[in-house]
Amino acid sequence: MLGVSMQTVAVSNQLFGNATEATVFGPFYHEGSPEVPNGGDIAAGAHGQPCWVEGTVTDTDGKPLPGARLEVWENDEDGYYDVQYTDDRVAGRAHVFADENGNYRFWALTPTRYPLPVDGPVGRLLEAAGRSPWRAAHLHFMVTHEGHRRLVTHIFVQGDDLSDVVFAVRESLVLPFDQQSVGTPTPDGRDLGDATWSRVRFDVVLAPEE
């Protein structure tokens, strides 16, 4: 929240060609997430509006990267990650692998804003500085493939409030999450009943490792 983390990211992940921009890791990553198949559901019961996420993983020459691993995690509609609950749930986090053409797809939740915890020194500092504790709505990604630089990034919701306490928003990472009305057919035929849903496309480009 002082901007030091984002400055470190900028120094350590200098832009290379058309590679996707990196942003902060955040404190809520947890190793050992479950694998879901392409088209699977990472929400695993977490509350929120369903969101269909799809895209490709390629190198900077546009070559697909089959088998790229995409680790994904996010908060629920109440603003909490699974690790903030006390019941050992695993929800809103998983990993998928791109298929033979570098394509991936999964169900998640439409991102929602949430505040940083303010019950400690960070909260006191924000209050003293007159700053908001809120993070822009986002979905975390960590994408890896042999021979390529590991990418840690978010995507953000176009049209939402993009003010962000940790300065993580990058224009290239702001994407349209298109709202779908009740009864709109889903890409995989999933029956969502009387629920609305959204969809977003995020094409990932990885820089070479060197």
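For the structure, check the block above.
Quantities reported herein were computed from a predicted structural model and do not represent experimental measurements.

K.L.:
Looking at this structure, I do not really get the environment of T196. What am I missing?
P.N.:
Residue placement: T196 occurs in the loop between β10 (178–180) and β11 (197–201). A residue is classified by how much of its surface remains accessible, and T196, at 34% relative accessible area, is partly exposed. Setting aside chain neighbours within four positions, we find T196 in contact with Q49, P50, Q180 and V182. One polar contact links T196 to Q49, side chain to side chain, over a distance of 2.8 Å.

K.L.:
Before we go on, may I ask you to explain the layout of surface pockets in this structure?
P.N.:
It is the rolling of a water-molecule-sized probe over the atoms that shows where space remains empty. Of the voids in this model, the largest pocket is the one considered here, and its volume is about 240 Å³. Surrounding the largest pocket, 13 residues form its lining, M1, G26, P27, L116 and V166 being those nearest its centre.

K.L.:
How should I be thinking about the environment of A168 in this particular structure?
P.N.:
Inspection of the secondary structure puts A168 in the loop between β8 (151–157) and β9 (174–175). Between the alpha carbons of A168 and N13 there is a distance of 13 Å; along the sequence they are 155 residues apart. Residues contacting A168, with those up to four places away along its chain left out, are M6, T23, V24, R135, H154 and F156.

K.L.:
Sorry if this is basic, but what is going on with the pattern of salt bridges here?
P.N.:
Should the charged atoms of two oppositely charged side chains come close, the side chains can pair. All chains considered together, the criterion is met by nine salt bridges. Of the charged contacts in the structure, one is a salt bridge between D87 and R89, with a shortest N-O distance of 2.7 Å. Assessed through its relative accessible area of 43%, D87 is described here as partly exposed. Judged by relative accessible area, R89 falls into the partly exposed class, the value being 35%.

K.L.:
Got a minute to help me understand the packing of aromatic side chains in this structure?
P.N.:
Aromatic rings in a pair are described by how distant their centres are and how their planes are angled relative to each other. Using the criterion set out here, one finds twelve aromatic pairs in the structure. On the numbers, 6.0 Å between centres and 25 degrees between planes, the contact of Y104 with F106 is stacked. For the residue pair Y104 and F106, the accessibility class agrees, reading buried in each case. Aromatic side chains F141 and F202 sit 4.9 Å apart centroid to centroid with 65 degrees between the ring planes, which places their arrangement in the edge-to-face category. Placement of the pair is F141 in strand β7 (residues 138–144) and F202 in the loop between β11 and β12 (204–206), with a sequence separation of 61 residues. You can call F141 buried: its relative accessible area is 0%. A relative accessible area of 4% places F202 in the buried class. Three or more aromatic residues link up through ring pairs in this structure, and these residues are Y104, F106, F141 and F202. Lying across the ring of Y85, R89 places its NZ or CZ 3.6 Å from the centre.

K.L.:
Help me understand empty space enclosed by the protein, please; the structure alone is not making it clear to me.
P.N.:
What the rule picks out here adds up to two cavities of 30 Å³ or more. For the largest cavity, the calculated volume is near 100 Å³. Around the largest cavity sit 14 residues that line it, and A19, T20, R149, L151 and A207 are the ones nearest its centre. Split into classes, the residues belonging to the lining of the largest cavity amount to eight nonpolar, three polar and three charged. Approximately 70 Å³ is the volume attributed to the second largest cavity. Forming the boundary of the second largest cavity are A46, E74, N75, D76, Y80, Y81, D82, Y85, R89, A91, G92 and L109. Here the lining of the second largest cavity is composed, by residue class, of six nonpolar, two polar and four charged.

K.L.:
Would you mind showing me how to read unusual backbone geometry here?
P.N.:
Peptide bonds are mostly trans, and most non-glycine residues show a negative phi. Of note, A44 is a non-glycine position whose phi angle comes to about 50 degrees, a positive value. Tracing the chain through its elements places A44 in the loop between α1 (4–12) and β1 (50–59). Not every positive phi belongs to a glycine, and F167 is a case in point at roughly 60 degrees. In this fold, F167 is placed in the loop between β8 and β9. We classify F167 as partly exposed; its relative accessible area is 40%.

Cut-offs used in this document
- Residues numbered from 1 in each chain as written.
- Predicted model: local features only at pLDDT ≥ 70, side-chain atom pairs only at ≥ 80, totals over all residues.
- Heavy atoms only, no water.
- Helix = DSSP H or I, 4+ residues; strand = E, 2+ residues; numbered from the N terminus.
- Buried < 20%, exposed > 50% of the residue type's maximum accessible area, 1.4 Å probe, protein only.
- Contact = heavy atoms within 4.5 Å.
- Polar contact = N/O pair within 3.5 Å; in protein donor to acceptor, adjacent residues only side chain to side chain.
- 1 Å grid on protein atoms, 1.4 Å probe; cavity = no way out; pocket = protein on both sides within 12 Å on 5 of 7 lines; lining within 4 Å.
- Points joined across faces, edges and corners; volume = space filled by probe spheres on them.
- Salt bridge = Lys/Arg side-chain N within 4 Å of Asp/Glu carboxyl O.
- Phe/Tyr/Trp six-rings, centres within 6.5 Å; stacked < 30°, edge-to-face > 60°.
- Lys NZ or Arg CZ within 6 Å of the ring centre and 35° of its normal.
- Nonpolar A, V, L, I, M, F, W, Y, C, P; charged D, E, K, R; others polar.

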